[in-house]
Structure formats: C-alpha cells, structure tokens
Amino acid sequence: DHLSSREKLLAGSRKVFTNKAVEKIKTADLITHLCSDEDAMWATYNRGHRLSSRQLSKRLTEHGIKSKDMRVDGSVCKGYELSQFTEAFARYLDDEVVESAA
C-alpha cells in the first residue's frame, strides 16, 4: 500500500462523507465510521485501540482542518464539515486513491 497514514485518513474521511452523503458529521460518528472499515488501520491505531478524538484532531490539524461546534441532528457537538476537507482532498488524493480506499 503506497498511501501514507495521512492520505489514508483523508481517503477514509472522504469515503465516510461520500457513503453517508452528508455535509457535516460529528467527530464521534466520523471515528466510528473510520474504525468500522475492517481494512483500515483506525480500529487499532491507538496501541490496539480505536483512534481517539484527540488523535483525529491532531492528524487533521496538520491539514488546517479543525473541529468546530455545530448542530447535528438537533444537538450541538464538535464535528467537521465536508467543505473543510475540500482543499486537502484535492491536494493529497487523486482518483486512484478513491478506488484503493473503497
């Protein structure tokens, strides 16, 4: 696999947004969906445990993507908007990455 963990996180995030067809997602939901991909490394990323919200935040901040307060399903929570990822997706992921992440 030629993708770095940074690219894998972006590819996985894009896959979640695409599969769920959402414009925004709670941090906890993004982690749950990333970890549910059995081929991905996120379920065991944290010394055998699932990726933590702190680790997710740290990795995404490297791309200038920061969680923010938002309203999802009627409650205020921390999360991400698809628009925050657009530039990073364009910069680090090509069409081939979508196929290998699928």
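Refer to the structure above for everything that follows.
So, here is what we can say about the structure in this document. All values reported here derive from a predicted model rather than from experimental measurement.

A separate point is the sheet that holds strand E2 (residues 68–72). With respect to topology, three strands assemble into an open sheet ordered E1-E3-E2, the strand pairing being antiparallel. The two strands at the open ends of the sheet, each matched to only one other strand, are strand E1 (24–26) and E2. In this sheet, neighbouring strand axes are inclined to one another by 60° on average, regardless of whether the strands run parallel or antiparallel. Summarising the sheet, E1 and strand E3 (residues 75–81) pair through three bridges and their orientation is antiparallel. The residue bridging lysine 26 from the neighbouring strand is glycine 79, located in E3.

Attention now moves to the nonpolar core. If you look at soluble globular proteins, the nonpolar side chains tend to sit buried side by side. Membership of the largest hydrophobic core comes to 20 residues, with the highest contact counts inside it found for Leu10, Leu30, Leu34, Leu56, Leu60, Tyr80 and Phe85. When contributions to this core are tallied by element, the ones reaching two or more residues are helix H1 (5–20), helix H2 (27–36), helix H3 (53–61) and helix H4 (82–92). Of all the elements, H1 adds the most residues to this core, at five residues. Once residues within four sequence positions are removed from consideration, leucine 34 is found in contact with Leu9, Gly12, Ser13, Val16, Ala40, Trp42, Leu51 and Leu56.

Attention now goes to the environment of aspartate 39. With respect to the helices and strands, aspartate 39 occurs in the loop between H2 and H3. For aspartate 39 and aspartate 73, which are 34 residues apart along the polypeptide, the C-alpha to C-alpha distance reads 29 Å.

Cut-off values and rules
Residues numbered from 1 in each chain as written. Predicted model: local features only at pLDDT ≥ 70, side-chain atom pairs only at ≥ 80, totals over all residues. Heavy atoms only, no water. Pairing = 2+ DSSP bridges. Helix = DSSP H or I, 4+ residues; strand = E, 2+ residues; numbered from the N terminus. Axes fitted to C-alpha atoms, helices over the stretch in contact; angles between N-to-C directions. Core = buried A, V, L, I, M, F, W, Y, C linked by side-chain atoms within 4.5 Å. Buried < 20%, exposed > 50% of the residue type's maximum accessible area, 1.4 Å probe, protein only. Contact = heavy atoms within 4.5 Å.

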